[in-house]
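Examination of the molecular architecture
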Amino acid sequence: MNVAVRKPATQAEAGALKLYAAQLRGKIIEMSHAAQAAHLASSLSCADIVTAAYWHVLNVNPGRPDDPLRDRFILSKGHAAAALYAALAMKGYFPIEELNTYCKDGGRLAEHPPANLLPGVEAATGSLGHGLPLGCGMALSGRIKGEAFRVFALLSDGENNEGSVWEAAMFAAAQKLDNVCVIVDYNKWQATARSNETLMLAPLRDKWAAFGWDAREIDGHDIGALAEAMQGVPNGSGKPVALIAHTIKGKGVSFMEDDNNWHYRAPTADEVVKAHKELGIA
Amino acid sequence: MRNAFADELTKLGDKDSRVVMLSGDIGNRLFDKFKAKHPSRFFNCGVAEANMMGVAAGMAMNGLRPVAYTITPFVTTRCLEQIRTDVCYHEVPVTIVAVGAGLAYSGLGPTHHACEDISFLRSIPNMVVICPGDAFEVRAALRASMQQDHPVYIRMGKKGEPVVHAGPLANFQIGKATPVSDGKDVCLLSTGNMLPEAIEAAHKLKERGISAQVVSFHTVKPLDEAYLKDAFGRFKLVATIEEHSLIGGFGAAVSEWLADTRTRNQNFMRFGTPDAFFKKSGEQEYAREMLGLSAHQIAEKIISRAALRRDR
């Protein structure tokens, strides 16, 4: 595999990426309904980030999920597992039909990503604040072994409550891990309340910058911009990169957007139809 | 023990480019040789143990053999979830090395005591728990850990403990107890830094006409069940000795084994720390004396128990 920098998404590619994101959201909503599983809104929130990663940025080969030179994508916000599973299945890591086993007895697709069980899952997550330390270890191992892969860790904004995130942030900066990129899915909600009314995250970009990262804010639903920013890692700054991605929880379905009830609620069959219609994939 | 650890680690690092040392801002100058020889494989992770353990797991996921090291409570309970979820759930070969087990750092106070770590770590699936009895066992445990593919916890004392074994342990095996001396009446199963006390207790028992076998039961998980079966079948009395809480430690593990195997256990005694914090100032020797873990106290309790048994 080569790690040459690809051009930013063209107009045509941007259109294709939007379509993939809509299909991804459609799958996530079906899965949530079939399993009556929580965290739908959290999964929809990061769907564009996941799309940019898997359909443009990541240097990965679904046929060789253990390739030592692959880019690593860690879903540190493990509760958005449905988004990861749907993306992996759509990319061919495992059969798309397996998505029907999401949360079912005896399956491989638990509510949070499992360890050593499913191709393409880099780390078992679900307890927040673990993905970035793991990613830093992976990045350092690459440096030691002379493997030029990159590490992307997708964090939730609520996850920034965890002290281990900031331990890892300081560590990555000290070690100059410029092949590490954090994307914060900043949808302004955590499980039961507004993020900034729970623990003060703002100014979040400034915090990451103060911790030694090349931090910038980005529209977390502009797939082209996300693709370009992520593809640019390492970006020559010598610093790890933090993308504070402003998002809307439940993005893509009008009656779910910014309504935190959908952190736990699962859609009815009627709501699935309505949502699919809005996404243009009915 | 800790100097032996640093020396052995440097040797292992010379031979195996997968060996990486992570320190939690501890061991000033201890790793100078390792750092000089392998500068790209030494990381001072700072006072951030949760991150250090996650970093170690991430490295091990990509084929390295990281060793994560700091003072016992900080490299165990402080980052217990990272040990459980990042290291053990993923079943990656991280070697966790703790210094100051039990009351080794008694004088530093209960924040630095560690009498619960065996209990926590042995309950985690995939974890191996080794408590070396002297510097040679530290070296052997570290070597053995690097030759296998699972998470390992090595619980060391501090520095300057008596060296029990005459030389390097060629036959050291994880999960196989190491007999230190032969006896026929009583079997003292010691784990970790209590080994010198156990040996001294055996001397005191000998003075009273009781022949005691001393065993370094360095691996608490997995237990050497064959050795236990033999010991409980052969000796009039078997005692576990550890500088760790009686709740959940080595003695508790043996108790569980006794219950599960329905082994006769009237001839079983446990020596360990009580269910209480040791708040007074004082060094390890003083703490052991206060908690009934000195060699002479162990010997006396065994003698009175043996006498009790004769009276029946």
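Bear in mind the structure is a predicted one, so any value in this text is a computation, not a measurement.

Cut-offs applied
Residues numbered from 1 in each chain as written. Chains lettered and ligands numbered in written order. Predicted model: local features only at pLDDT ≥ 70, side-chain atom pairs only at ≥ 80, totals over all residues. Helix = DSSP H or I, 4+ residues; strand = E, 2+ residues; numbered from the N terminus. Rg over C-alpha atoms; globule rule 2.2 N^0.38 Å. Buried ≥ 20, exposed ≤ 12 C-beta atoms within 10 Å, placed from the backbone. Contact = placed C-beta atoms within 7 Å. Axes fitted to C-alpha atoms, helices over the stretch in contact; angles between N-to-C directions. Parallel < 35°, antiparallel > 145°, perpendicular 65-115°, else oblique. Pairing = 2+ DSSP bridges. Right-handed = clockwise from strand over helix to strand, strands pointing away. Domains from an automatic or database assignment. Nonpolar A, V, L, I, M, F, W, Y, C, P; charged D, E, K, R; others polar. Core = buried A, V, L, I, M, F, W, Y, C linked by C-beta atoms within 7 Å. Left-handed = near helix turned anticlockwise from the far one by under 90°.

1. Considerations on the overall build of chain B
Along its length, chain B carries twelve helices and twelve strands. Rg of the C-alpha trace for chain B: 19 Å, near the compact-globule value of 20 Å for 312 residues, within the 12% margin. Counting only C-alpha atoms, chain B reaches 65 × 40 × 35 Å along its principal axes. Per-residue burial over chain B gives 55% buried out of 312 residues. A sequence separation of at least 24 residues applies to 78% of the contacts in chain B between residues at least 6 apart.

2. Considering the packing of helix 3 (residues 49–61) of chain B against helix 5 (residues 80–89) of chain B
All names here are of chain B. Between helix 3 and helix 5, the least distance of the axes is 9 Å, while the angle of their chain directions is 10°. With respect to helix 5, the element helix 3 is oriented roughly parallel. Residues Ala50, Met53, Gly54 and Ala57 of helix 3 form the contact with helix 5, whose own contacting residues are Gln82, Ile83, Asp86 and Val87.

3. A look at the sheet that holds strand 11 (residues 237–245) of chain B
Residue and element names in this part refer to chain B. Taken in spatial order, the five strands line up as 7-9-8-11-12 in an open sheet, and their pairing is mixed. Strands at the two margins of the open sheet, each flanked by one partner only, are strand 7 (178–181) and strand 12 (268–273). Each strand axis lies, on average, 25° off the axis of its neighbour in the sheet, ignoring direction. Two elements, strand 11 and strand 12, share five bridges in a ladder whose sense is parallel. Opposite Thr240, over in strand 12, you have Arg270 as the bridge partner.

4. Concerning the environment of His79 of chain A
Residue and element names in this part refer to chain A. When you line up the elements, His79 lands in the loop between strand 1 (72–75) and helix 4 (81–91). Taking the C-alpha atoms as reference, His79 lies 6.9 Å from Glu111; in sequence the two are 32 residues apart. With sequence-adjacent residues up to four places away left out, His79 is seen in contact with His39, Ser42, His112 and Gly126.

5. Brief notes about the sheet that holds strand 10 (residues 219–221) of chain B
Residue and element names in this part refer to chain B. Taken together, seven strands build an open sheet; the order of strands is 2-1-3-4-6-5-10 and the sheet is mixed. Either end of the sheet is taken by a strand with one partner, and the two such strands are strand 2 (42–44) and strand 10. Each strand axis lies, on average, 20° off the axis of its neighbour in the sheet, ignoring direction. Bridging between strand 1 (residues 19–23) and strand 3 (residues 65–71) involves five bridges; their strand directions are parallel. In the sheet register, Leu22 faces strand 3, and the bridge partner there is Ala68. This element, helix 7 (residues 135–146), spans strand 1, strand 3, strand 4 (95–99), strand 5 (128–130) and strand 6 (152–155) of the sheet and lies at about 170° to strand 6.

6. A few points about the pairing of strand 2 (residues 151–156) of chain A
Residues and elements named next belong to chain A. Along strand 2, six of the six residues are buried, which leaves the element largely enclosed by surrounding structure. The side-chain alternation of strand 2 yields two buried faces, one formed by Val151, Ala153 and Leu155 and the other by Phe152, Leu154 and Ser156. Relative to strand 2, strand 1 runs parallel, the two sharing four bridges. Residue pairing for strand 2: Ile74 is matched across the bridge by Ala153. Bridge analysis of strand 2 against strand 3 (residues 180–186) gives six bridges, and the strand direction is parallel. The partner of Phe152 across the bridge, within strand 3, is Cys181. Between strand 2 and its parallel partner strand 3, the chain crosses via helix 6 (residues 163–174), and the hand of that crossover is right-handed.

7. Some points on the domain arrangement of chain B
Residues and elements named next belong to chain B. Taken domain by domain, chain B holds domain 1 (2–155) and domain 2 (178–311). Between the C-alpha centres of domain 1 and domain 2 there is a distance of 26 Å. Taken together, the contact pairs 24 residues of domain 1 with 28 residues of domain 2. Elements with a contribution of two residues or more to the side of domain 1 that touches domain 2: helix 6 (117–122), strand 5 and helix 7. Along the lines of polarity and charge, the residues of the side of domain 1 that touches domain 2 split into 13 nonpolar, six polar and five charged.

8. Quick notes on the interface of chain B and chain A
It is common to give the size of an interface as the accessible area lost on bringing the parts into contact. Listed per partner, the contact involves 25 residues of chain B and 19 residues of chain A. Counting only elements with at least two residues in the side of chain B that touches chain A, the list comes to helix 3 and helix 5 of chain B. Top element by residues in the side of chain B that touches chain A is helix 3 of chain B. It accounts for nine residues. Residues that form the side of chain B that touches chain A fall into these classes: eleven nonpolar, ten polar and four charged.

9. A closer look at helix 9 (residues 223–231) of chain A
Residue and element names in this part refer to chain A. Most of helix 9 sits inside the fold, with seven of its nine residues counted as buried. Considered for burial, the residues of helix 9 that qualify are Ile223, Gly224, Leu226, Ala227, Ala229, Met230 and Gln231. Those residues of helix 9 that are buried are in contact with helix 1 (11–35), helix 3 (47–57), strand 2, strand 3, strand 4 (214–219) and strand 5 (241–246).

10. Regarding helix 3 of chain A
For helix 3 of chain A, a buried count of eleven out of eleven residues is recorded, marking the element as mostly surrounded by other parts of the structure. All buried positions along helix 3 of chain A are accounted for by Ala47, Asp48, Ile49, Val50, Thr51, Ala52, Ala53, Tyr54, Trp55, His56 and Val57 of chain A.

11. Structural notes on the nonpolar core
Soluble globular proteins: nonpolar side chains tend toward being buried together. In terms of nonpolar packing, the biggest core is built from 192 residues, with Ala83 of chain A together with Leu22 and Leu188 of chain B touching the most fellow members. Taken together, domain 1 (2–155) and domain 2 (178–311) of chain B each give at least three residues to this core, which thus spans both. Other than its neighbours up to four places away in sequence, Leu188 of chain B contacts Ala198, Ala201, Ala202, Ala212, Gln213, Val214, Val215, Ala239 and Ile241 of chain B.

12. Examining the packing of helix 5 (residues 131–145) of chain A against helix 6 of chain A
Residues and elements named next belong to chain A. Where helix 5 contacts helix 6, the two axes come as close as 8 Å, and the packing angle between them is 25°. In terms of orientation, helix 5 and helix 6 fall into the roughly parallel class. In this structure, helix 5 meets helix 6 at a crossing whose hand is left-handed. In this structure, helix 5 contributes Leu132, Pro133 and Cys136 to the contact, and helix 6 contributes Ser164, Val165, Ala168, Phe171 and Ala172.

13. Looking at unusual backbone geometry
All names here are of chain A. In this model, Ala202 is joined to Pro203 through a cis peptide bond whose omega is -5°. Within the secondary structure layout, Pro203 lies in the loop between helix 7 (195–198) and helix 8 (204–210). Residue Pro234 follows Val233 across a cis peptide bond; omega there is -5°. At His39, a position not held by glycine, the phi torsion is positive, near 75°. Within the element layout of this structure, His39 appears in the loop between helix 1 and helix 2 (40–45). Residue His39 is classed as buried on the basis of its C-beta count, with 24 C-beta atoms lying within 10 Å.

14. Quick look at the environment of Tyr93 of chain A
Relative to the assigned elements, Tyr93 of chain A resides in the loop between helix 4 and helix 5. Apart from the residues within four sequence positions on either side, Tyr93 of chain A is in contact with Pro62, Pro65, Leu88, Pro119 and Gly120 of chain A.

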